[in-house]
Amino acid sequence: MKALKIASLTALAAAISAQAAADFYITKGADITVTGSLYTEAVVDITNEQVFVTNQNGDSEAVWAKLNLTNNVFNATLVAEPINASADLKDVTVTDGNIKFGQVGGLGNTHEYFGLHEDVSQESYGVDAGIRLSNLAGVSGLSAQLEGAGSPNRNSGTLDDPSTAGVNETAEGNDFGLGVAYSSDVADGVTLHANVAARQAHFLAADEDNTVAGEDFGGQSYGLKTHVGLGVTAKAGPATIKAVVNNQNQNEASTTDVGAEVVVVTGPITTTAAVVTLLTDAETDPLHALGKVAYSQDGLGAHVQYKFKTTEADEDKTGDEFEAGVSYSLTQDMITYAAESTFSAGDILDENEDDSIAEKLATTVSAAYKSSVGATYKAAFTNETLAENEANKLTLSASYSF
């Protein structure tokens, strides 16, 4: 075999990430706490004859740190990339009883009520900063917040489609409005989730030439945006049922999506069925459906699932995917042995003879050792086939939680 080419081995020292999910504490008195974790990984790509390093998210930035900072009621997350000499401070908040302000995030979760729903539903409006009041008037589960979002390089495009290019990218945009969310157990085993957001959007043009659809957006109101979501979760014996509906309205253009999911757990077997679709135009809007059966007991796992989706009208194509997999893990004498294999095939109902079915088989075997000081060393070999391409990779990693 040819000598392996070294693609990038200069950063093999460390990749710091949150995946180890362990905490590193530095305490001053009892007020300041810093948490983080350490991870190092090298990958030998046998097929392509190269060696490289990544962090465990697969990013090229091989060394990075995520530190969670807490000081009394203050919380923040510092994400640093030492190689690029950059750092970002995120999720900065102060929590004072039922009052919370800063980067509080959005209220409500109906836009991502269950996993499949995220593929079709519109995202809720982002929140850069806000002031939140929880448990209004003593009512459990009711919260409201003044919220806003701004983008220094917002490209608002057209009135009907703000995602399209229609204005100078140096222009600024900002939204400000109110968000309300309510969550409560309305009956035995039944929980209601509701959220409403109303935002007034403004576009601040960098110069007089920034117009959209003939309208001058220099500091003028760009329109009212609203989001209304309602979700219900009901538990009956081994079954959990979720149903959700969302509506978004912007510039008199309304979009509604609906979805439902049923999960039944009977001993080691979990059965899932879910469907989500938009209602604006039944002939063209996307629809996603999922059926899955999974088994897990005593280190042995197996699953079979089928996904079906229709895409946007301009693609005029239906796609589906079948997947089946097995796995097994065993821990003995501080060593964990594991193996898994997954087979998938895409577009299995495609009647176009010119489009062959895309098949993929991925098999991984690994062994991980945890030392007496808490360090974990792992070796994993993966063989993966996709159509005519074949990949063989050996991953060596070390992590330490402290």
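Thresholds applied
- Residues numbered from 1 in each chain as written.
- Predicted model: local features only at pLDDT ≥ 70, side-chain atom pairs only at ≥ 80, totals over all residues.
- Heavy atoms only, no water.
- Helix = DSSP H or I, 4+ residues; strand = E, 2+ residues; numbered from the N terminus.
- Buried < 20%, exposed > 50% of the residue type's maximum accessible area, 1.4 Å probe, protein only.
- Contact = heavy atoms within 4.5 Å.
- Areas by Shrake-Rupley, 256 points an atom, 1.4 Å probe, with all protein chains shown as cover.
- Pairing = 2+ DSSP bridges.
- Phe/Tyr/Trp six-rings, centres within 6.5 Å; stacked < 30°, edge-to-face > 60°.
- Lys NZ or Arg CZ within 6 Å of the ring centre and 35° of its normal.
- pLDDT = per-residue confidence, 0-100.
- Salt bridge = Lys/Arg side-chain N within 4 Å of Asp/Glu carboxyl O.
- Core = buried A, V, L, I, M, F, W, Y, C linked by side-chain atoms within 4.5 Å.
- Patch = residues over 30% accessible without salt bridge, like charges linked within 9 Å, V, L, I, M, F, W, Y side chains within 5 Å.

Turning our attention to the overall build of the protein. The number of helices and strands found in the protein is one helix and 25 strands. Across the 402 residues of the protein, 30% fall into the buried class. Put simply, 46% of the contacts in the protein that link residues at least 6 apart link residues at least 24 apart. On the protein, roughly 22700 Å² of surface is accessible, and the fraction owed to carbon and sulfur atoms is 55%.

Before going further, it helps to examine the pairing of strand β19 (residues 287-297). The pairing of strand β18 (residues 269-278) with β19 spans nine bridges and is antiparallel. Of the residues in β19, the one forming a bridge with V276 is H288. As paired elements, β19 and strand β20 (residues 300-310) share 11 bridges and run antiparallel to each other. Its bridge partner being in β20, L290 is matched across the sheet by K307. In textbook terms, the turn of a hairpin is the stretch between consecutive antiparallel strands, and for β19 and β20 this stretch comprises two residues, one of which, D298, has a positive phi near 55°.

Summed over all chains, the structure comprises zero aromatic pairs. One residue, K242, lies across the ring of Y113, its end atom 5.4 Å from the ring centre.

Once that is clear, we can look at the side chain of T93. Checked against the element boundaries, T93 lands in strand β7 (residues 86-96). With sequence-adjacent residues up to four places away left out, T93 is seen in contact with V73, F74, N75, K100, F101, Q103 and V104.

Averaged over every residue, the pLDDT of the protein is 75; the share at 70 or more is 67%. Predicted confidence is poor over residues 1-30, with pLDDT under 50, and the contacts of this stretch with residues over four places away or in other chains come to 81 contacts. Counted against residues more than four places away or in other chains, residues 205-221, with its pLDDT under 50, gives 40 contacts.

Turning our eyes to something else, we now look at the side chain of S366. Mapped onto the secondary structure, S366 falls in strand β23 (residues 358-370). With near-sequence residues (within four places) excluded, S366 lies in contact with T336, Y337, A338, K378, A379 and A380.

Take the pattern of salt bridges next. This model, assessed by the stated rule, comprises three salt bridges. Between E147 and R199 there is a salt bridge, with its nearest N and O atoms 3.7 Å apart. Residue E147 is found in strand β10 (residues 142-151), and its partner R199 is found in strand β12 (residues 190-204); the two are separated by 52 residues along the sequence. Accessibility assignment for this pair places E147 and R199 in one class, buried.

Another aspect to go through is the environment of L386. As for its placement among the helices and strands, L386 is situated in strand β24 (residues 375-386). With 27 residues separating them in the primary sequence, L386 and E359 have C-alpha atoms 6.0 Å apart. Not counting chain neighbours up to four residues away, the residues in contact with L386 comprise E359 and K360.

Backbone geometry at D91 places phi at a positive 50°, although glycine is not the residue there. By the element assignment, D91 lies in strand β7. Given a relative accessible area of 47%, D91 falls into the partly exposed group. Unusually for a residue other than glycine, M334 sits at a positive phi of about 65°. Structurally, M334 is set in the loop between β21 (318-332) and β22 (335-346).

This part covers the nonpolar core. With nine residues, the main nonpolar core is built from Y113, F114, L116, V120, V244, A274, V276, L278 and L290. Ranked by residues supplied to this core, first place goes to β18 with three residues. If near-sequence neighbours (up to four positions away) are discounted, Y113 is found in contact with T191, H193, G231, V232, T233, K242, A243 and V244.

Turning our eyes to something else, we now look at a nonpolar patch on the surface. Judged by side-chain polarity, I99, F101, I131, L133, L146, F176 and L178 come together as a nonpolar surface patch covering roughly 630 Å² of accessible area. Elements that contribute at least two residues to the nonpolar patch include exactly β8 (99-102), β9 (129-134) and β11 (172-187). Summarising the element assignment, I99 is placed in strand β8. A residue is classified by how much of its surface remains accessible, and I99, at 36% relative accessible area, is partly exposed.

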